[in-house]
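As a plain string of letters, each chain reads:
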Amino acid sequence: MNEQLASWYSMLPRPELEDLARGAMEGASRNLSAMLGRTISIDTHRVRTVPLEEVAVYVGDPDTEIAAVYLQIEGDQHGQALVLQSVPSALRLVDLLMG
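Each value, and the rule that gives it
- Residues numbered from 1 in each chain as written.
- Predicted model: local features only at pLDDT ≥ 70, side-chain atom pairs only at ≥ 80, totals over all residues.
- Heavy atoms only, no water.
- Helix = DSSP H or I, 4+ residues; strand = E, 2+ residues; numbered from the N terminus.
- Buried < 20%, exposed > 50% of the residue type's maximum accessible area, 1.4 Å probe, protein only.
- Contact = heavy atoms within 4.5 Å.
- Areas by Shrake-Rupley, 256 points an atom, 1.4 Å probe, with all protein chains shown as cover.
- Patch = residues over 30% accessible without salt bridge, like charges linked within 9 Å, V, L, I, M, F, W, Y side chains within 5 Å.
- Salt bridge = Lys/Arg side-chain N within 4 Å of Asp/Glu carboxyl O.
- Expected span 1.5 Å × (residues − 1).
- Polar contact = N/O pair within 3.5 Å; in protein donor to acceptor, adjacent residues only side chain to side chain.

Draft legend 1. Geometry of the overall build of the protein chain. Broken down by element type, the protein chain carries four helices and two strands. Ordering the α and β elements of the protein chain from the N terminus gives α-α-α-β-β-α. Across the 99 residues that make up the protein chain, the buried fraction comes to 16%. Excluding contacts between residues fewer than 6 apart, the proportion of contacts in the protein chain whose partners are at least 24 apart in sequence is 42%. Accessible area for the protein chain stands at about 7500 Å²; split by element, carbon and sulfur atoms hold 56% of it.

Shown next, in the form of structure tokens:
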């Protein structure tokens, strides 16, 4: 586990990190809904904080295509987030965003 991730894990217990991630995803959902003028929902029951080396376990079959967005987090807290979704879901989101 890298030093930066280890510092996140030591600062907040895992359930609190997951609550923080859920809150961020719910905020993103609200903002996307406002931008698009329609309801966008994000399944926050599937938000997990995992070490990067364990991500493949959660993705599933190695032959399954996924879309990923890597986010660098800056400000009071530093870190990274990886948002994973199925390709059809990603394409639907792009269609909505592009009109």
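Still to come is the rest of the account.
Draft legend 2. Region of interest: a nonpolar patch on the surface. Where nonpolar side chains cluster on the molecular surface, the patch consists of Leu52, Ile66, Tyr70, Leu82 and Leu84 and spans about 480 Å² of accessible area. Counting only elements with at least two residues in the nonpolar patch, the list comes to strand 1 (66-73) and strand 2 (79-86). Relative to the helices and strands, tyrosine 70 is located in strand 1.

Draft legend 3. Quick peek at helix 4 (residues 87-98). With twelve residues, helix 4 should reach 16 Å at 1.5 Å per residue; the first-to-last C-alpha distance of 16 Å fits that figure. Positive phi appears at glycine 99, one or two residues downstream of helix 4, with a value of about 75°.

Draft legend 4. Highlighting the side chain of serine 33. The residue serine 33 is located in helix 2 (residues 14-36) in this model. Reaching out from serine 33, the side chain makes a polar contact with the backbone oxygen of serine 29 at a distance of 2.9 Å. With residues up to four places along the chain from it excluded, the contact list for serine 33 reads Arg38, Thr39 and Ile40.

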